[in-house]
Amino acid sequence: MSYKNHRFPPQIIARAVWLYFRFPLSLRLVEEMLLERGIVVSYETIRRWCRKFGAAYAKQLRRKKPSRKDIWHLDEVVISIGGQKHWLWRAVDQDGYVLDEIVQTRRDTKAAKRLLVRLLKKQGLSPKRIIDKLRSYGAAKRDVMPAVEHRSHKGLNNRAENSHVPLRKRERMMQGFRSVGGLQRFISVFSAVRNLFVAPHQRHSALATHIHRIRAMAQWKAVTAAIA
């Protein structure tokens, strides 16, 4: 991965990628925002930048260390892909940090089990508790992690449901996603960037949030500058 042979400097490429994945903006809106700064670049070029560099940036972003005190909030949302219904299964922790997400065609025990197995493999340890609102999780949990506490109640799972909101806004703007692979690639970068910039829920003060965002931007600049 390299910036070599690109007409625009790395700072502009990184800015365009950040705008697209950090906010619910279309490629054309990112194009317009750059134009306002005197940067003339087509939305198609921005799309290629996002596809080429987005995953590379996300891979280098620092990930949160898992803990046995973590609480996993699990939820799923319907997504339109090529006019057909799919389900985006997502897991976040008690701070709203996205742990994993997977696009599946089913909303049943088998799909729930697949998410839990992926989570265990990715996190390396079981959580303190699982919270969800779908019965399929209970059956899957009994097979995958029977000793973990399980609570199933819609009112307890706002954290996971809220994590879907930014993506739903993006989906409406894009009028759906074109392929499962395209959506899976997008959300892997989208969530990594969101994890970096969104302050943990327990930090209530404006100063703490401000400091968090300053540090996040510093890390983003370091990551994007590290590409040779």
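Fair warning: this is a prediction, and the values are worked out from it, not measured in the lab.

Peer 1: Please clarify how the pairing of strand S1 (residues 71-81) should be interpreted in this entry.
Peer 2: Successive side chains on a regular strand alternate, one facing one side of the sheet and the next facing the other. Judged by how many residues are buried, S1 sits mostly within the fold: nine of 11 residues are covered. Pairing between S1 and strand S4 (residues 129-132): three bridges, direction parallel. By the bridge assignment, Trp72 is partnered in S4 with Ile130. Across nine bridges, S1 lies against strand S2 (residues 84-92) in antiparallel orientation. Among the inter-strand pairings, Ile81 is bridged to a residue of S2, identified as Gln84. Hairpin connection, S1 to S2: the antiparallel pair is bridged by two residues, and Gly82 has positive phi, about 60 degrees.

Peer 1: Help me understand the packing of helix H3 (residues 43-60) against helix H8 (residues 180-197) in this model?
Peer 2: Any two packed helices are characterised by how steeply their axes cross, that is the angle between the axes, and by the distance between the axes. Taken N-terminus to C-terminus, the directions of H3 and H8 make an angle of 50 degrees; their axes are 9 Å apart at the nearest point. Classified by the interaxial angle, the pair formed by H3 and H8 is oblique. Here the hand of the crossing between H3 and H8 comes out left-handed. Together, Arg51, Gly54, Ala55 and Ala58 of H3 and Arg185, Ser188, Val189 and Ala192 of H8 make up the contact between the two elements.

Peer 1: Can you help me understand the side chain of Asp100 in this one?
Peer 2: Here Asp100 is to be found in strand S3 (residues 98-104). Its relative accessible area of 5% is what places Asp100 among the buried residues. In terms of polar contacts, Asp100 uses its side chain to reach the side chain of Arg118, at 3.0 Å. Asp100 has contacts with Trp89, Arg90, Ala91, Arg118, Leu119 and Lys122, leaving out every residue within four places of it along the chain.

Peer 1: Looking at this structure, I do not really get the packing of aromatic side chains. What am I missing?
Peer 2: Two descriptors summarise a pair of aromatic rings, namely the distance from one centre to the other and the angle between the planes of the rings. Tallying each qualifying case throughout the model produces 11 aromatic pairs. Through a chain of ring-to-ring contacts, three or more aromatic side chains come together here, namely Tyr3, Phe53, Tyr57 and Trp220. Directly above the aromatic system of Phe23 lies the positively charged group of Arg22, at a separation of 5.4 Å from the ring centroid. Between the NZ or CZ atom of Arg28 and the centre of the ring of Tyr43, over which it lies, the distance is 4.0 Å.

Peer 1: Which parts of the structure should I look at to understand the packing of H8 against helix H9 (residues 206-225)?
Peer 2: Look at H8 against H9: their axes get within 8 Å of each other, and the N-to-C directions meet at 135 degrees. In terms of orientation, H8 lies oblique with respect to H9. Between H8 and H9, the residues in contact are Val193, Leu196 and Phe197 and His212, Arg213, Ala216, Met217, Gln219 and Trp220, respectively. The residue inventory of the contact of H8 with H9, partitioned by class, reads six nonpolar, two polar and one charged.

Thresholds, definitions, all that
- Residues numbered from 1 in each chain as written.
- Predicted model: local features only at pLDDT ≥ 70, side-chain atom pairs only at ≥ 80, totals over all residues.
- Heavy atoms only, no water.
- Buried < 20%, exposed > 50% of the residue type's maximum accessible area, 1.4 Å probe, protein only.
- Helix = DSSP H or I, 4+ residues; strand = E, 2+ residues; numbered from the N terminus.
- Pairing = 2+ DSSP bridges.
- Axes fitted to C-alpha atoms, helices over the stretch in contact; angles between N-to-C directions.
- Parallel < 35°, antiparallel > 145°, perpendicular 65-115°, else oblique.
- Left-handed = near helix turned anticlockwise from the far one by under 90°.
- Contact = heavy atoms within 4.5 Å.
- Polar contact = N/O pair within 3.5 Å; in protein donor to acceptor, adjacent residues only side chain to side chain.
- Phe/Tyr/Trp six-rings, centres within 6.5 Å; stacked < 30°, edge-to-face > 60°.
- Lys NZ or Arg CZ within 6 Å of the ring centre and 35° of its normal.
- Nonpolar A, V, L, I, M, F, W, Y, C, P; charged D, E, K, R; others polar.

Geometric values such as these leave the question of function open.
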